[in-house]
Amino acid sequence: MSCRESFTTYETADLGFITICKASGKPQPYSRATLFASVFEAFLLTPQKQIEVDAVTDTVEAKLLDLQQPTITSSEVAEVVLQTLKHYNTSAFIRYLSNQTDLVNEAQLRKELKKY
């Protein structure tokens with residue numbers, strides 16, 4: 001080759017075969033953009049959040065693939081995200097938890113935290 005250029009690729013798993021069953025019961029195809037956006041919200045106050053959000057999203061997708069299930073509930077996805085965030089960033093974990101649950105008081109927060 002005479003072009004003397006190098007190219008890199010970034011490969012991602014194709015999760016298009018996964019269907020997410022929403023809380024309403026409505027099925028919807030898996031979307032990395034939706035997952036990314038929900039994780040991104042948890043990192044709003046974090047500097048350099050793009051790198052961390054990409055890493056968390058990649059990790060969650062790998063764990064979803066490990067489940068080997070064609071249909072996953074949105075609550076199962078939230079559990080995987082929470083388990084992942086617990087090890088990445090505590091404040092993002094708390095923010096994601098509060099976004100995913102209807103926390104009314106400190107007692108409810110403590111109850112939810114005990115799950116993890």
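Located above this text is the structure these notes cover.
Overview of the structure. Only a predicted model underlies this, so the values are computations on that prediction, with no experimental measurement involved.

1. Quick notes on the sheet that holds strand S1 (residues 19–21)
Strand order across the open sheet formed by three strands is S2-S1-S3, with mixed pairing between neighbours. The open sheet terminates on both sides in strands that have one partner only, identified here as strand S2 (27–29) and strand S3 (71–73). Neighbour-to-neighbour, the strand axes of the sheet open up by a mean angle of 35°, direction not taken into account. Where S1 lies against S2, three bridges are found, and the strand directions are antiparallel. What sits directly across from Ile20, in S2, is Gln28.

2. Details of the packing of aromatic side chains
The final tally for this structure, using the stated rule, is one aromatic pair. Geometrically, the ring pair formed by Phe36 and Phe40 is stacked, given 6.0 Å between the ring centres and 25° between the ring planes. Within this pair, Phe36 and its partner Phe40 are both found in helix H1 (residues 32–42), separated by four residues, close to a single helical turn. For Phe36, a relative accessible area of 17% translates into the label buried. Under the relative-accessibility criterion, Phe40 is labelled partly exposed at 27%.

3. Considerations on helix H4 (residues 90–100)
Listing the buried residues of H4 in full gives Ala92, Phe93, Tyr96 and Leu97. In a view along the axis of H4, the buried residues occupy a sector of 135°, so they form one face of it. Of the surrounding elements, those touching the buried residues of H4 are H1, helix H3 (74–88) and helix H5 (106–114).

4. As for the nonpolar core
The biggest cluster of nonpolar side chains holds 25 residues, and the ones touching the most others in it are Phe43, Val81 and Leu85. Contributions of two or more residues to this core are made by H1, helix H2 (49–67), H3 and H4. Among the elements that make up this core, the one with the highest residue count is H3 (six residues). If we skip the residues at most four places from it in the chain, Leu85 touches Ala42, Phe43, Val56, Thr90, Ala92, Phe93 and Tyr96.

Definitions and limits used
Residues numbered from 1 in each chain as written. Predicted model: local features only at pLDDT ≥ 70, side-chain atom pairs only at ≥ 80, totals over all residues. Heavy atoms only, no water. Pairing = 2+ DSSP bridges. Helix = DSSP H or I, 4+ residues; strand = E, 2+ residues; numbered from the N terminus. Axes fitted to C-alpha atoms, helices over the stretch in contact; angles between N-to-C directions. Phe/Tyr/Trp six-rings, centres within 6.5 Å; stacked < 30°, edge-to-face > 60°. Buried < 20%, exposed > 50% of the residue type's maximum accessible area, 1.4 Å probe, protein only. Arc of directions from axis to C-beta. Contact = heavy atoms within 4.5 Å. Core = buried A, V, L, I, M, F, W, Y, C linked by side-chain atoms within 4.5 Å.

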